[in-house]
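Structural overview
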Amino acid sequence: MSNLAYAPTRPRVAQPAPPLRPARRVEIVPNRALRRARPKPLYAVVAIGGLFALFLGQLLLSIGVSDGAYQIASLQSQKAELDRQQQSLSEQADVLSSTQNLATKAAQLGMVPSGGTPAFLDLADGRVIGTSKAASAATSGVATLANSLLPESDPTTDAATGAVGDAGSAGDTTAGDPAAGEAGTASGEAPAGTASVPAGTTGAGTTGAGTTGAGTTIADESQDALGSTGAPATPTTTPPVLSTDGGLPTPTTH
Amino acid sequence: MRMTRSTRRRMLLSTVATLAVIGVFVVRLVDIQIVQADAFNTESAGKRSVATTVYGQRGDIVDANGTVLAGSIMRYDITASPRNSAVSAKYTEQERTNDIQAVADAAGLTPAEVRTKLDTALAKNPESDYALLASKVTLEVRDAVRAAQKATTIGWVYTQPHPARSYPLGSVAGSLVGFMGADAAQFGLERSENACLAATNGSSTYERSLDGVQLPGSEVVDRPAKNGGTLKLTIVSDLNWFAQQAITRSAQSLQAKWATAVVVRVKDGHLMAVADYPSVDPNDVNASDPDDIRSTSFATSYEPGSTLKAMTAAMLIDQGKATPYTRVTVPGIFNTRGGYIKDVFAHGTMNWTLTGIMVNSSNIGISELTDRVSKQKRYEYMLKFGLGKKTEVGFNGEASGQLAPADKWDNLTNYAVSFGQGVAATSAQVASIYQTLGNGGVRMPLTLVEGCEQPDGTVTDVPTGSGERVVSTKAANTVVNMLENFVTQASMSPLVTIPGYDLAAKSGTAQVAKPGGGYGNDRVTSIAGLVSGDDPQYAIVVTMGMPQTNKASSAVAPVWHDIAEQVIKTFRVKPSTKPVPTLPVSW
């Protein structure tokens, strides 16, 4: 290319302008070979479109995954909630299926334990082995074994080991009684006031008669009755085996 | 095109500048991505990731039928962040009071308590971030606190899980199961089998976003939690309940200090029921006197008395020194040249057979025969029967009883041991003796734990140990035969008889030694026997410790009878097919 800066200058001589010719578009007419060699627009569209599609896809996937993470978190917290409820309910179910509760409820329904020994039916030959006798009210009894998880205002629950009153263990800062909390939702029936006292309630020291009144009154009475039995048991010390002197009195064991 | 020098210079400069900038970036990149990569990763992970404790669950204690005696439950602690509850520009005193009221109502506390806790913590440390408001509350209380917190967006109260223990059956088998303290097991099987029951907590780390949601694919479980194994006991909880109820009622009416009932399956030594009075409710340990926190059946040893006459008779017959028909002239008093021995009822000289001695429970009679076997030999038998050492159960706080070596026996003790005085044993040991007699003379190890079932299903800690022959089958069966005659011929026969069953039993009224020496007025009364005699399946020993209102062993008979009946019902023991072969009592 020539460097016009160094082009020698010549004085310009006005020359008549060449006659204007009508402008004409000049096109190169492509022949088949040239046409074939031209890159097709479709490729460009596909390439760029594909690129955009990839980006879009990645974006959507990422959104979907993050959304899924939120769903997972929400479902997990639901599951944790349900787990907690299930644990709480099965804990209540365990307490309600305790032997003391079943015996108490059965006694309240008027059921009595079966009397005597069972009879057997020999399936091989249809023989009846043994005899059984009918149960009578005299053989019935109520639970006397403490279970502080059961509603304590139930008058038939034993007060011997001091289950009356706050069943919470020492050091527990919650004033809410866990037993009452569970019983409130589990047993449904109002305690003490409406529990029907079974006919054959004897023994156990509870005054199971007639008016139930306030559950604590009955419990207090039985606690007094048992409180008079004296000091708590002290374990036996191992008795001396050898006599240190000849003064051992004659044992009169049976 | 030709390039001029200045063009080339400009191009060179711009290229160099570009390369320099790129070089700085590359160096910085290498520095960040390679050299300091670890430090940055750790720092960022620390800011993003959260470590949580994955709680393992402590194993359950179940009985032979799967009834849960001790289970793990979830309780919750209500905690607070005192510094967030401090009054500030954004948090007025009135708002604080309202929030305290809401929290207190939900948690079942008084507002004063909550306020005190917060203020004390703040006073000690103004930046305090933790104060415990309530411990081990139930799910309902926790939900209430959560609801209260959401309702008024309280920013300083939290709840966290607190694993706890529940004992659904209360004091039924409570003295066996034991209980937990604040952190560790304190008594009973919870303590002695802690290795089986304990769980190990794990931890897991995950990365969280700003709003607390776990970043997908980011959880890394550092350590998996391991749940504890399930401890399977041999006892049947319903039978335990019945036995405990029966001895509780009886002990209360007899005003006894303690009482036990032990039921053992004869063929393998498995304990079917261990009933103790006084009992312990593991849910409410503070209601029990600390002295009462024991399993009396294992921990209390006492002189058993005449129930051990069956053991002496077995020794004599095994050595061929006596038979049920052996004739003995039994005087009214026996001089041991160390003391005198009398029977429970005064009598003149009686002509009793060995059977008669058993039926009448004659101390003098058995003492007359006991010298037919040497001291040393009788001592060895007693060791083999399990006296003087703890049983294989190895219960927490178990006593081994007392049995002095034969060369230490003075003249009185030499005879006294033949009727169960001068030797101390626990109810479990006495039950083991009767198990041996019922099992044809083969003593099986006394077993309380069947095994420990791990979470993956394998069973570990199955007690090993095989039976040991103590006396011959003939000797054991002969003694059982004599005990059947006790049930049919003794004066308390109507109290123990169960129609259709050939029961075998022996009574015992043992004197209790006083601390200074000599015997006092107290008695330990018991009945030990087998269901049933022709095919012994279960040994039952019921003991009343120091009854006050009735010190005769016949007072124990109705309890023994009821428990025997319940054993028959529980295990469907079939009636006996043969009548008891009557043995002569006198000659």
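Keep in mind the model is a prediction, meaning the values are calculated, not measured.

Our focus in this paragraph is the packing of helix α9 (residues 237-254) of chain B against helix α19 (residues 557-571) of chain B. Residue and element names in this part refer to chain B. Between α9 and α19, the least distance of the axes is 10 Å, while the angle of their chain directions is 170°. Between α9 and α19, the angle falls in the class roughly antiparallel. In this structure, α9 uses L239, F242, A243, A246, I247 and S250 to contact α19, whose residues at the interface are V559, D562, I563, Q566, V567, T570 and F571. Residue composition of the contact of α9 with α19, grouped by class: nine nonpolar, three polar and one charged.

This next bit is on the sheet that holds strand β23 (residues 504-513) of chain B. Across a sheet, strands are paired by hydrogen bonds formed along the backbone, either parallel or antiparallel in direction. All names here are of chain B. Pairing is antiparallel across the open sheet formed by five strands, whose spatial order is β12-β11-β25-β24-β23. Taken across any chain shown, the strands that pair with only one partner, and hence form the sheet edges, are β12 (271-277) and β23. Along the sheet, successive strands turn relative to each other by an average axial angle of 10°, direction set aside. In this structure, strand β24 (residues 519-531) lies alongside strand β25 (residues 538-545), joined through eight bridges in antiparallel fashion.

Turning our attention to the sheet that holds strand β8 (residues 202-207) of chain B. All names here are of chain B. With respect to topology, three strands assemble into an open sheet ordered β1-β8-β9, the strand pairing being antiparallel. One side of each edge strand has no neighbouring strand; the edge strands of this open sheet are β1 (49-54) and β9 (220-223). Across this sheet, the average inter-strand angle for adjacent strands is 25°, counted without regard to direction. Sheet analysis places β8 next to β9, joined by three bridges and oriented antiparallel. Looking at β9, one finds that S204 is bridged to V221.

To continue, consider the confidence of the model for chain A. Summarising the model, chain A shows a mean pLDDT of 62, and 48% of its residues fall at 70 or more. Segment residues 153-254 of chain A: pLDDT under 50, and 173 contacts once partners within four positions in sequence are set aside and those in other chains are kept.

What follows concerns the packing of aromatic side chains. All names here are of chain B. Overall, the coordinates contain eight aromatic pairs over all chains when judged by the stated rule. On the numbers, 6.2 Å between centres and 80° between planes, the contact of F187 with F395 is edge-to-face. A residue pair is termed long-range when its members are at least 10 positions apart, and F187 in strand β7 (residues 185-187) and F395 in the loop between α14 (375-384) and α15 (411-416) qualify at 208 residues. Taking 5.1 Å as the distance between ring centres and 45° as the angle between the ring planes, the aromatic pair formed by W258 and Y302 counts as tilted. On the criterion of sequence distance, the pair formed by W258 in strand β11 (residues 258-265) and Y302 in strand β13 (residues 301-302) is long-range, its members being 44 residues apart. Just as W258 is buried, Y302 falls in that class too. Three or more aromatic residues joined by ring pairs make a cluster, and in this case those are F179, F187, F298 and F395. Here the basic side chain of R142 rests over the ring of Y76, its NZ or CZ set 5.2 Å away from the ring centre. For the cation-ring pair, K377 lies above Y381, with the distance from its terminal atom to the ring centre recorded as 5.7 Å.

Parameters and conventions
Residues numbered from 1 in each chain as written. Chains lettered and ligands numbered in written order. Predicted model: local features only at pLDDT ≥ 70, side-chain atom pairs only at ≥ 80, totals over all residues. Heavy atoms only, no water. Axes fitted to C-alpha atoms, helices over the stretch in contact; angles between N-to-C directions. Helix = DSSP H or I, 4+ residues; strand = E, 2+ residues; numbered from the N terminus. Parallel < 35°, antiparallel > 145°, perpendicular 65-115°, else oblique. Contact = heavy atoms within 4.5 Å. Nonpolar A, V, L, I, M, F, W, Y, C, P; charged D, E, K, R; others polar. Pairing = 2+ DSSP bridges. pLDDT = per-residue confidence, 0-100. Phe/Tyr/Trp six-rings, centres within 6.5 Å; stacked < 30°, edge-to-face > 60°. Buried < 20%, exposed > 50% of the residue type's maximum accessible area, 1.4 Å probe, protein only. Lys NZ or Arg CZ within 6 Å of the ring centre and 35° of its normal.

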